[in-house]
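Descriptive structure summary
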Amino acid sequence: GESVGLHLPTLSVQEGDNSIINCAYSNSASDYFIWYKQESGKGPQFIIDIRSNMDKRQGQRVTVLLNKTVKHLSLQIAATQPGDSAVYFCAENRRTNAGKSTFGDGTTLTVKP
Amino acid sequence: ETGVTQTPRHLVMGMTNKKSLKCEQHLGHNAMYWYKQSAKKPLELMFVYSLEERVENNSVPSRFSPECPNSSHLFLHLHTLQPEDSALYLCASREGGSGNTEAFFGQGTRLTVV
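One structure accompanies this document, and this report is about it. (Residues numbered from 1 in each chain as written. Chains lettered and ligands numbered in written order. Predicted model: local features only at pLDDT ≥ 70, side-chain atom pairs only at ≥ 80, totals over all residues. Heavy atoms only, no water.)

Focus on the packing of aromatic side chains
What describes a pair of aromatic rings is the distance from one ring centre to the other and the angle between the planes of the rings. Summed over the entire model, instances satisfying the criterion amount to eight aromatic pairs over all chains. With 5.6 Å between their ring centres and 40° between their planes, Y36(A) and F103(A) make a pair best called tilted. Remark: F103(A) occurs in strand β10 (residues 102-103) and Y36(A) occurs in strand β4 (residues 32-38); sequence separation between them is 67 residues. The pair formed by Y36(A) and F103(A) is uniform in burial state, with each residue classed as buried. Residues Y36(A) and F105(B) carry aromatic rings whose centres are separated by 5.5 Å and whose planes lie at 90° to one another, so their mutual orientation is edge-to-face. Taken together, the positions of Y36(A) in strand β4 and F105(B) in strand β10 (residues 104-105) put the pair across two chains. The pair formed by Y36(A) and F105(B) is uniform in burial state, with each residue classed as buried. Three or more aromatic residues joined by ring pairs make a cluster, and in this case those are Y36(A), F103(A), Y33(B), Y35(B) and F105(B). (Phe/Tyr/Trp six-rings, centres within 6.5 Å; stacked < 30°, edge-to-face > 60°. Helix = DSSP H or I, 4+ residues; strand = E, 2+ residues; numbered from the N terminus. Buried < 20%, exposed > 50% of the residue type's maximum accessible area, 1.4 Å probe, protein only.)

Below is the structure:
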């Protein structure tokens, strides 16, 4: 079957350090990947996306890396701040699946001051 | 604010009650989704509506009944639920209904079935 998974359920980092959150996916037909952030009491919020014709994409303090060979996705957060504490989900899509994303389990990031 | 609004934010209902969850989006999107989020489990897709037509029912029990009267509104009608249905119910919308755009989620309705 198809699955998207994250390597670690929890990650704790010191404020100011860089964070790396990993995700593995199994469907080689996936062509679009998204990272979402979910803060306590809120719905998931889009952070950054990447299409399968790219291997790296940068946003503001965030970078997503895609390795299609090993079906691995990572989210890097630079200079992690307390406001980054949340649950992070990766999701995979295919252009033909009407937006029926498959979500990973989520990694809870805790930033220590 | 994501542009997707869900009401109520919290709901406690008995197993014999009938209630409805409401979702509203003013983003001009034409695809809307219901997801269930339980503790320690990935988001589970329940229903997909594209251009007001249901295009997916992901093996959801009939005690959950969706309704999409127009492209801006989505409802989830609930009746004779079970305690294991307690979860966060999330509505999302997407532009164009295609797979290659991000979803915009509401804040969710925290449902407790007693």
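Quick look at the interface of chain A and chain B
Opposite the 23 residues of chain A that make contact, chain B presents 22 residues. Around 1,700 Å² of area is buried between chain A and chain B when both sides are counted, 51% of it from carbon and sulfur atoms. Our enumeration of links across chain A and chain B arrives at zero salt bridges. Joining chain A to chain B, the criterion identifies five residue pairs in polar contact (both at pLDDT 80 or more). Of all the secondary structure elements, the ones that give two or more residues to the side of chain A that touches chain B are β4, β5 (45-51) and β9 (86-93) of chain A. If you tally residues by element for the side of chain A that touches chain B, the top one is β4(A), at four residues. Grouping the constituent residues of the side of chain A that touches chain B by class yields eight nonpolar, eight polar and seven charged. (Contact = heavy atoms within 4.5 Å. Buried area = accessible area lost by both parts, 1.4 Å probe. Salt bridge = Lys/Arg side-chain N within 4 Å of Asp/Glu carboxyl O. Polar contact = N/O pair within 3.5 Å; in protein donor to acceptor, adjacent residues only side chain to side chain. Nonpolar A, V, L, I, M, F, W, Y, C, P; charged D, E, K, R; others polar.)

Interpretation note: all reported values are geometric properties and have no functional meaning in isolation.
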